[in-house]
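# Architecture and fold: a report
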Amino acid sequence: MSSQQTNTDVILIGAGIMSATLGTLLKELNPTWNITVFERREVAGEESSNEWNNAGTGHSSLCELNYTTEKADGSIDITKAIKVNEEFQVSKQFWSYLVNSKLIQNPRDFIVPVPHMSFVKGEKDVKFLKKRFEALSSNPLFQGMEYSDDPAKLQEWIPLMMKDRVVNEPIAATRSEAGTDVNFGALTRMLFNHLKRKNVDIQFNRNVDDIKRAGDGSWELKVRDVGTGSVERHKAKFVFIGGGGGSLHLLQKSGIQEGKGVGGFPVSGIFMVCQKPEIVKQHNAKVYGKAPVGAPPMSVPHLDTRMIDKKESLLFGPFAGFSPKFLKFGSMLDLVKSVKPHNLTTMVAAGFKNVPLTTYLIKELMQSKEKRMEALREFVPNAKSEDWNLIVAGQRVQIIKDTATGGKGTLQFGTEVISAADGSIAALLGASPGASTAVSVMLEVIEKCFPQQLKEWEPKIKEMIPSYGVKLTQNPALIQEIMSTSARTLGLKEAAAVQA
């Protein structure tokens, strides 16, 4: 066992899209800082960021029905949809900066244009979709979206979904060519290759076993070599915990007050995949439906065109399931170990509140393939079991906390940054739309944790992200400019740039 100790400026825990993004931002803002990355797996982007562990949707609220809600008066609240769309525009600006600066190359290897669609059946849901379309279309971020309840038009848009479909109730869809498919695994690996060229120390097969405050205010990490079992001590002035579902355990070990009372609820996912060219070529879109009653928002069913390693596939899902693991490659004891005296009552309250959800997840997990095929046939009426295979997607850990609106033990959906009051440590918890909003979320980390440097860094941030500090919906001209620029730079359809 080694007693070696090293000192560095910044430590990033986890080699996923969040650490890759934060490391890249910090290297641009202060190239002199020494950065070290620890990852328990053998390569970057193996957990939530891996291309087979998520749907690859560039989340921009063009198709996700759960980002818009119907209010008591019948109007549609598009607040969250606007927020998510703006955050994805920020990501595209940053990626465009990296491509223009030749820090990464070949954007088509990680982002391609794929239309985003919503598809609904039944009079009630068709009425909702029409109102949603009208509310979004009035906003410059969503202009250019199309709506149709004409089966002939839908046959043009989604031939695979309309083939052999018996239309005995109203159906409708919206379509936006501004949509994208993003290979977050490929992007993560590109960013870490760039960081390696910038002399960032990236150490794989390293598990962070413990983290505690040192006497001088810095953080000391106990890091174990997964292969040999040898242990090293590493100190840093700033630590970012970006370990996906594993972040909660490390946040708890840090002992910071801000992490008290926070729990986590794991949700697993299963997708069905089809790679038969004669079927794949009949569908070119990401088509989102409505989640079943009782399902978590991340379980909204969707049929997706995916481009992975220059090969097109179709994915359908996700089918939610339950596993006590917090990571795909985690431990069956993860959930039990996350229960501490400070979050016990919160977790118990969440357990009582979410019995229907837990029952739903277990039922989903017990489903046969044929039962899942029935769900798929709601989208693809003539789907054959032999053409589709099951793959297990990544684990997601939803945040549980006490809130003013939801009360004790409220299950949160989305991502959240939890940081110490002095900004010396931050952790990212939560799930979708995580990866798509990575740049916005990491800017939030920078604002919370480096307030002293922010004024000095602001010009560089604005160079990387021209809309930084501007509310996009209040500046249609800027929306037009950045969408057009990112479309050209990232090789997206110019149609995506003329939506405003």
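See the structure shown above.
Now for a description of the structure that goes with this document. (Residues numbered from 1 in each chain as written. Predicted model: local features only at pLDDT ≥ 70, side-chain atom pairs only at ≥ 80, totals over all residues. Heavy atoms only, no water.)

Turning next to empty space enclosed by the protein. Enumeration according to the criterion identifies 2 cavities of 30 Å³ or more in this entry. Put simply, the largest cavity is a space of about 50 Å³. Lining of the largest cavity is provided by S60, L62, N85, F88, Q89, K92, L141, A178 and M483. When residues of the lining of the largest cavity are assigned to their parent elements, the largest contribution, 4 residues, is made by helix α2 (residues 79–100). Residues of the lining of the largest cavity, tallied by class, amount to 5 nonpolar, 3 polar and 1 charged. (1 Å grid on protein atoms, 1.4 Å probe; cavity = no way out; pocket = protein on both sides within 12 Å on 5 of 7 lines; lining within 4 Å. Points joined across faces, edges and corners; volume = space filled by probe spheres on them. Helix = DSSP H or I, 4+ residues; strand = E, 2+ residues; numbered from the N terminus. Nonpolar A, V, L, I, M, F, W, Y, C, P; charged D, E, K, R; others polar.)

One way to see where empty space is left: roll a probe the size of a water molecule over the atoms. Within this model, the second largest pocket holds a volume of roughly 660 Å³. Contributing to the lining of the second largest pocket are 28 residues, with K83, E87, S440, V441 and E444 lying nearest its centre. Breaking the lining of the second largest pocket down by element, the ones donating at least two residues are α2, β21 (415–419) and α13 (438–449). Top element by residues in the lining of the second largest pocket is α2. It accounts for 6 residues.

Between helix α1 (residues 17–29) and helix α6 (residues 184–197), the least distance of the axes is 9 Å, while the angle of their chain directions is 35°. Crossing angle aside, the handedness with which α1 passes α6 is left-handed. On α6, the residues touching I17, S19, A20, T21, G23, T24, K27 and E28 of α1 are F184, L187, T188, L191, F192, H194 and L195. (Axes fitted to C-alpha atoms, helices over the stretch in contact; angles between N-to-C directions. Left-handed = near helix turned anticlockwise from the far one by under 90°. Contact = heavy atoms within 4.5 Å.)

With respect to the helices, strands and loops of the structure, D334 is situated in helix α9 (residues 334–337). Although D334 is buried, it makes no salt bridge; R40 carries the closest opposite charge, 6.1 Å away. (Buried < 20%, exposed > 50% of the residue type's maximum accessible area, 1.4 Å probe, protein only. Lys, Arg positive; Asp, Glu negative; His and termini not counted. Salt bridge = Lys/Arg side-chain N within 4 Å of Asp/Glu carboxyl O.)

Counting residues in hydrophobic clusters, the biggest one holds 58 residues, and the most contacted among them are W95, F110 and F240. Apart from the residues within four sequence positions on either side, F110 is in contact with W95, I104, D181, V182, N183, A186, L187, M190 and L490. Counting residues in each nonpolar core, the second largest holds 35 residues, with M347, L357, I400 and L411 among its members. (Core = buried A, V, L, I, M, F, W, Y, C linked by side-chain atoms within 4.5 Å.)

Okay, the environment of G245 next. Tracing the sequence through the fold places G245 in the loop between β13 (231–241) and α7 (247–254). Relative accessible area serves as the criterion here: at 7%, G245 is assigned to the buried category. Residues G245 and H283, 38 residues apart in the sequence, show an inter-C-alpha distance of 33 Å. Excluding residues within four positions of it along the chain, G245 makes contact with F326, L327 and V397.

Here we come to helix α15 (residues 476–490). Turn by turn, an α-helix covers 3.6 residues, leaving residues three or four places apart pointing in a common direction. Helix length check: α15, at 15 residues, gives a terminal C-alpha distance of 21 Å against a target of 21 Å (1.5 Å per residue), a fit within 8%. Among the residues making up α15, those that are buried are L478, I479, I482, M483, S484, S486, A487, T489 and L490. In this fold, the buried residues of α15 make contact with α2 and β5 (111–113). Just beyond α15, the residue with positive phi is G491, at close to 75°. (Expected span 1.5 Å × (residues − 1).)

Over its 22 residues, α2 runs 32 Å from end to end, which matches the ideal 32 Å to within 8%, given 1.5 Å per residue. Counting buried positions over the 22 residues of α2 gives 18, a clear majority of the element. Of the residues one or two after α2, K102 is the one with positive phi, at around 60°.

Here the residue pair G317 and P318 is connected by a cis peptide bond, since its omega of -5° sits within 30 degrees of zero. Considering the arrangement of structural elements, one finds P318 in strand β17 (residues 311–321). Despite not being glycine, K102 shows a phi value in the positive range, around 60°. Tracing the backbone shows K102 in the loop between α2 and β5. With relative accessibility at 64%, the residue K102 sits in the exposed group. Phi at D164 is positive, roughly 65°, even though this residue is not glycine. Along the chain, D164 falls in the loop between α5 (159–162) and β8 (171–176).

The topology assignment puts E39 in the loop between β2 (35–38) and β3 (69–70). For E39, the side chain forms a polar contact with the main-chain nitrogen of R41, separated by 2.8 Å. Once residues within four sequence positions are removed from consideration, E39 is found in contact with G14, A15, Q203, F204, N205 and R206. (Polar contact = N/O pair within 3.5 Å; in protein donor to acceptor, adjacent residues only side chain to side chain.)

Right, let's talk about the pairing of strand β14 (residues 263–274) for a bit. The element β14 is largely enclosed, with a buried count of 12 among its 12 residues. Side chains G263, F265, V267, G269, F271 and V273 of β14 all project onto a buried face; the interleaved residues G264, P266, S268, I270, M272 and C274 project onto the opposite face, where all are buried too. Sheet topology places β14 next to strand β19 (residues 396–403); 5 bridges connect them, and they run antiparallel. Counted as the bridge partner of G264 is I399 from β19. Where β14 meets strand β18 (residues 389–392), 4 bridges bridge the pair, whose relative direction is antiparallel. For I270, the partnering residue across the bridge sits in β18 and is V392. (Pairing = 2+ DSSP bridges.)

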